Amino acid sequence: MELRHSVCMLLACCNVLWVVASSSRVKAPPPPPPPPPGCDSMLAFSSEVSSSSEETIHSRSLSQWSWRSSTVRNRIPSTIWEAECSSSFCSSPSPGQTDRHNLNSVPVYQDILVLTRQDGRRCYNASYLSVAVGCTCVWAKTNPN
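Here is what the cut-offs are and how they apply
- Residues numbered from 1 in each chain as written.
- Predicted model: local features only at pLDDT ≥ 70, side-chain atom pairs only at ≥ 80, totals over all residues.
- Heavy atoms only, no water.
- Helix = DSSP H or I, 4+ residues; strand = E, 2+ residues; numbered from the N terminus.
- Buried < 20%, exposed > 50% of the residue type's maximum accessible area, 1.4 Å probe, protein only.
- Contact = heavy atoms within 4.5 Å.
- Areas by Shrake-Rupley, 256 points an atom, 1.4 Å probe, with all protein chains shown as cover.
- Phe/Tyr/Trp six-rings, centres within 6.5 Å; stacked < 30°, edge-to-face > 60°.
- Disulfide = S-S within 2.5 Å.

Asks: Help me out: how do you make sense of the overall build of the chain in this one?
Replies: Broken down by element type, the chain carries two helices and five strands. Counted from the first residue to the last, the chain has its helices and strands arranged as α-α-β-β-β-β-β. Taking all 145 residues of the chain together, 13% fall into the buried category. In the chain, the share of contacts with a sequence separation of at least 24, taken over all contacts with a separation of at least 6, comes to 49%. Surface exposure of the chain reaches about 11900 Å², of which carbon and sulfur atoms provide 58%.

Asks: Looking at this structure, how should I read the packing of aromatic side chains?
Replies: Where two aromatic rings form a pair, the distance of their centres and the angle of their planes describe that pair. Taken as a whole and assessed by the stated rule, the structure comprises one aromatic pair. Summarising the aromatic geometry, the rings of W65 and W67 are spaced 6.1 Å apart at their centres and angled 90° between planes, so their arrangement reads as edge-to-face.

Asks: For this particular structure, what's the right way to read unusual backbone geometry?
Replies: Note on backbone geometry: most residues besides glycine have negative phi, and most peptide bonds are trans. Across the junction of I76 and P77, the peptide omega takes the value -5°, indicating a cis bond. Tracing the backbone through its elements, the reader meets P77 in the loop between β2 (75-76) and β3 (79-85).

Asks: It is not clear to me how the state of the cysteines should be interpreted in this structure. Could you clarify?
Replies: Two cysteines joined by a covalent bond between their sulfur atoms form a disulfide. One pass over the full model with this rule turns up two disulfides. Here C85 connects covalently by a disulfide to C135, the sulfurs 2.1 Å from one another. For the disulfide bridge between C85 and C135, the dihedral angle about the S-S bond is near -105°, and by the sign convention the bridge is left-handed. Note that C85 is positioned in strand β3 and C135 in strand β5 (residues 124-139), a separation of 50 residues in sequence.

Asks: What should I look at first to understand the environment of F89 in this one?
Replies: Tracing the backbone shows F89 in the loop between β3 and β4 (103-117). When the C-alpha positions of F89 and L62 are compared, they lie 9.1 Å apart, and in sequence the two are 27 residues distant.

In structure tokens form, the structure reads like this:
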């Protein structure tokens, strides 16, 4: 019994020594590069843009729209494409339908994150910008009697 106890103690000590020895060999990851002067943090991002397979949805919709771009040099993304409804009214879903003026075409908005450069430095302010991403049909507002 005493021999068994000694063997268990020896194995426990070996395990502790192995853990201590192996943890001292693990290197910590290198620290991140310091932020540019005048900034308190660094931001890394990907500039890859994914494309939708529905490239013609704007012209097939009952509430069609076109795209217009706005470019601001000190902004990321520098160019933003925004939907502009082609008409105040929706297209008739079927030929001869006369209630098309009961449906209005209105923009649908999405908030997107943009970065704006501060005074030509490498520092950016992050903010949200509301952008029209398409148009949809809604019932026209009517005045109550």
